[in-house]
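The lines below spell out each chain.
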Amino acid sequence: MNSPANSLGNHFPASSFPVPLASAVDIVNVFNRSVREKLTRLFGQRFSNRAEDRQELSKTTLPKSTYPLGVVQPENRDEVIQLMKILNEYQIPWHPFSRGCNWGYGARCASEDNHLMIDLRRMNRIVEINEELAYAVIEPGVSQGQLAMELEKRNSGLMLDVTGAGPDASIVGNTLQRGFGHTPYGDHFAHSCNYEAVLPDGSLKRTGFGDVTNSDVGHVYPYGNGPCDQGSFVQSNQTVVTRMTIWLMPRPQTIQGFGFKTNDLGTFRKIVDRVGQLRREGIINSVVHIANDIRVLSTKAGLKEHNGQNEPFTPAQRMQIAARSGMGLWNGLGGLYGTNGIVNAKKKEIRQAFKGLCKIRFFSQRHVQLLNAAAKHAPETRSFERMRNLSSTVSEVYELLCGRPSQAHLQGAFNRNRPPSGNVIDSGLIWIAPVIPNTGSDTLRLLGAIEPIANRHGFDLPVTISPVAARSAVCVCNLWYDKQVASDGPRASSCYREIRQMMDQLGYPPYRTASIDLEVP
């Protein structure tokens, strides 16, 4: 239930938060007796508590789910204010979601049963794009595909940092979960400000200098005077954020990708250290993603055919598949941005830093086009599999580096099985993403502890090491399971709990957790 968390400190009055009802029975009774009629009058057909709609909203990729009271779809801030006043008056718990694409972390589900779902996808206005100061003001229903297309339509000189969650994912929703992408603006929370939010009592709050109306200062300076309360809105679910300013990156003269790979753990450890050093020195200022072979090949159709028994790959199998596909056991991809001179200077520094470690390759849009053309005309034989894998991997990553979201990386959700619907929400997927100091020793310490756990429970462990900041990295892992196999969900939950316990023992907490508590059996 959305009760008054102390983590909000003194930024909001205590009266903003309702006193929770005594039980789930009380909630349902009050909702049916007093609230349902009010919501019908306010929202009409945009309110529903039909069983089929509630069942649809309870879908998640996780092994556990929660069942809602119903759903409302406000279209503007004023409707949200009216809604929150009603819910506050009757002490009805609520759960907002922007577009429901929180794959692997709970999707649209609340933490418990009997919450009213607040679906914000109809609030999808791009309020402003400021070319001079490089920002956009957006509502929570705006997807990364929508904003990317609008920038392209305007022939804008700005670009958006995007994630691999697909074109339909919400920008605001990802930012509120501290999500990250690929470019120098990859830390989304750090490149946002001026949150407009409705508190539980229906009052309106703006962060920083958001209340200043006679200049653009609220869109460019996040702090305001006194304590900075912007962080109180993130991963808290204590407010309904109705608008946000995000900073856009001026599209540079040159965007070049770079890639490297290795099969040697000692070399991998040194690479992680070297990337961290280059990040701290400012030579690399984007988010490099270093992925293991399972992660890279998870989006490729051919991976599952090697492992039809849904058992973990053996080391020998992994070496064989990596060799045939042209991938390493560890593969890194990143981006360089700036003028021709700046990018060339950075390339020189990176080559020098990687000297003696592994070969590093740089690629531009022209290289990607040539590689794609060669792969397109290559014979459909196994001998050209390496070329096709390289072409698709480089092309997919380069799109993200350039701020163009793609559906390609969502294919990784179907590695264990593809549901008949073909929708991610119907697949079995749990994300686990601990934060580690950006060192090779910490990386190997974590992986050496959690990968055997996954394997012992019968799962492979796809891994991506992403230095989101200069001194820290997020180790993004996931578990695939088959919803059609009755034992798979409980087994995945048990594996998740054991990995989380190990993370706690090692001192590597998750940067983000699921909306549903999977640590309770």
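Heads up: the structure comes first, above all this text.
Let me sum up the structure you'll find in this document.

Tracing the backbone shows arginine 108 in the loop between β3 (94-97) and β4 (116-119). We note that arginine 108 is buried and unpaired, the nearest opposite charge coming from glutamate 56 at a distance of 4.0 Å. At 2.9 Å, the side chain of arginine 108 forms a polar contact with the backbone oxygen of glutamate 56. Each residue touching arginine 108, except ones within four places of it in the same chain, is listed here: Glu56, Leu57, Lys59, His95, Phe97, Gly100, Met117, Arg121 and Ile425.

This paragraph deals with the packing of aromatic side chains. What the rule picks out here adds up to 9 aromatic pairs. When the centroid spacing of 6.2 Å and the interplanar angle of 80 degrees are considered together, the rings of tyrosine 195 and phenylalanine 233 count as edge-to-face. Taken together, the positions of tyrosine 195 in strand β8 (residues 192-198) and phenylalanine 233 in the loop between α6 (217-220) and β10 (240-247) put the pair 38 residues apart, joining distant regions of the chain. Since its relative accessible area comes to 0%, tyrosine 195 is described here as buried. Counting every residue linked through ring pairs, the aromatic cluster contains Phe209, Tyr221 and Tyr223.

Turning next to unusual backbone geometry. With a phi close to 55 degrees, glutamine 235 is a non-glycine residue in the positive phi region. Here glutamine 235 lies in the loop between α6 and β10.

The next point concerns the sheet that holds β8. The strands making up a sheet associate through backbone hydrogen bonding, with each pair oriented either parallel or antiparallel. Across the sheet, 5 strands lie side by side as β5-β6-β10-β8-β9; this open sheet has antiparallel pairing. In the strand order of this sheet, the two ends are held by β5 (126-130) and β9 (204-206), each with one partner. Adjacent strand axes in the sheet meet at a mean angle of 10 degrees, parallel and antiparallel pairs treated alike. Strand direction decides the pairing type here: β5 and strand β6 (residues 135-138), joined by 4 bridges, are antiparallel. What sits directly across from isoleucine 129, in β6, is alanine 136.

This part covers the pattern of salt bridges. Should their charged atoms come close, side chains of opposite charge can pair. Summed over all chains, the structure comprises 21 salt bridges. The partner of aspartate 488 in a salt bridge is arginine 491, with the nearest N and O atoms 2.3 Å apart. Of this pair, aspartate 488 and arginine 491 both sit in helix α14 (residues 488-506), 3 residues apart, which is roughly one turn of the helix. You can call aspartate 488 buried: its relative accessible area is 4%. Judged by relative accessible area, which is 25%, arginine 491 ranks as partly exposed. Three or more residues joined by partner-sharing salt bridges are found here, namely Arg77, Asp78, Glu196, Arg206 and Asp211.

Right, let's talk about the sheet that holds strand β2 (residues 70-72) for a bit. The 4 strands lie next to each other as β1-β2-β4-β3, forming an open sheet whose pairing is mixed. Both edges of this open sheet fall to β1 (47-48) and β3, since each of them pairs with a single strand only. Across the face of the sheet, helix α3 (residues 77-89) comes into contact with β2, β3 and β4 while running at roughly 170 degrees to β4.

So, on to the state of the cysteines. In total, this model carries 0 disulfides according to the counting rule given. For cysteine 477, which is in no disulfide, the shortest distance to another cysteine sulfur is to cysteine 475 and amounts to 3.7 Å. With a relative accessible area of 1%, cysteine 477 lands in the buried category.

Our next topic: the packing of helix α7 (residues 265-281) against helix α13 (residues 440-456). The geometry of α7 relative to α13 is characterised by a closest axis approach of 7 Å and an angle of 130 degrees between their N-to-C directions. Classed by the angle they form, the pair α7 and α13 counts as oblique. Side by side, α7 and α13 meet where Leu265, Phe268, Arg269, Val272 and Asp273 of the first sit next to Gly440, Ser441, Thr443, Leu444 and Leu447 of the second. Taken together, the residues of the contact of α7 with α13 sort by class into 5 nonpolar, 3 polar and 2 charged.

Core analysis: the biggest nonpolar cluster contains 53 residues, and Phe260, Ile290, Ile350, Phe354 and Leu479 have the highest contact counts within it. Beyond its immediate stretch of four places on either side in the chain, phenylalanine 354 contacts Phe260, Ile271, Arg274, Val275, Leu278 and Ile360. Judged by nonpolar contacts, the second largest core, of 24 residues, contains Val30, Leu39, Leu69 and Met123.

What counts and what doesn't
- Residues numbered from 1 in each chain as written.
- Predicted model: local features only at pLDDT ≥ 70, side-chain atom pairs only at ≥ 80, totals over all residues.
- Heavy atoms only, no water.
- Helix = DSSP H or I, 4+ residues; strand = E, 2+ residues; numbered from the N terminus.
- Buried < 20%, exposed > 50% of the residue type's maximum accessible area, 1.4 Å probe, protein only.
- Lys, Arg positive; Asp, Glu negative; His and termini not counted.
- Salt bridge = Lys/Arg side-chain N within 4 Å of Asp/Glu carboxyl O.
- Polar contact = N/O pair within 3.5 Å; in protein donor to acceptor, adjacent residues only side chain to side chain.
- Contact = heavy atoms within 4.5 Å.
- Phe/Tyr/Trp six-rings, centres within 6.5 Å; stacked < 30°, edge-to-face > 60°.
- Pairing = 2+ DSSP bridges.
- Axes fitted to C-alpha atoms, helices over the stretch in contact; angles between N-to-C directions.
- Disulfide = S-S within 2.5 Å.
- Parallel < 35°, antiparallel > 145°, perpendicular 65-115°, else oblique.
- Nonpolar A, V, L, I, M, F, W, Y, C, P; charged D, E, K, R; others polar.
- Core = buried A, V, L, I, M, F, W, Y, C linked by side-chain atoms within 4.5 Å.

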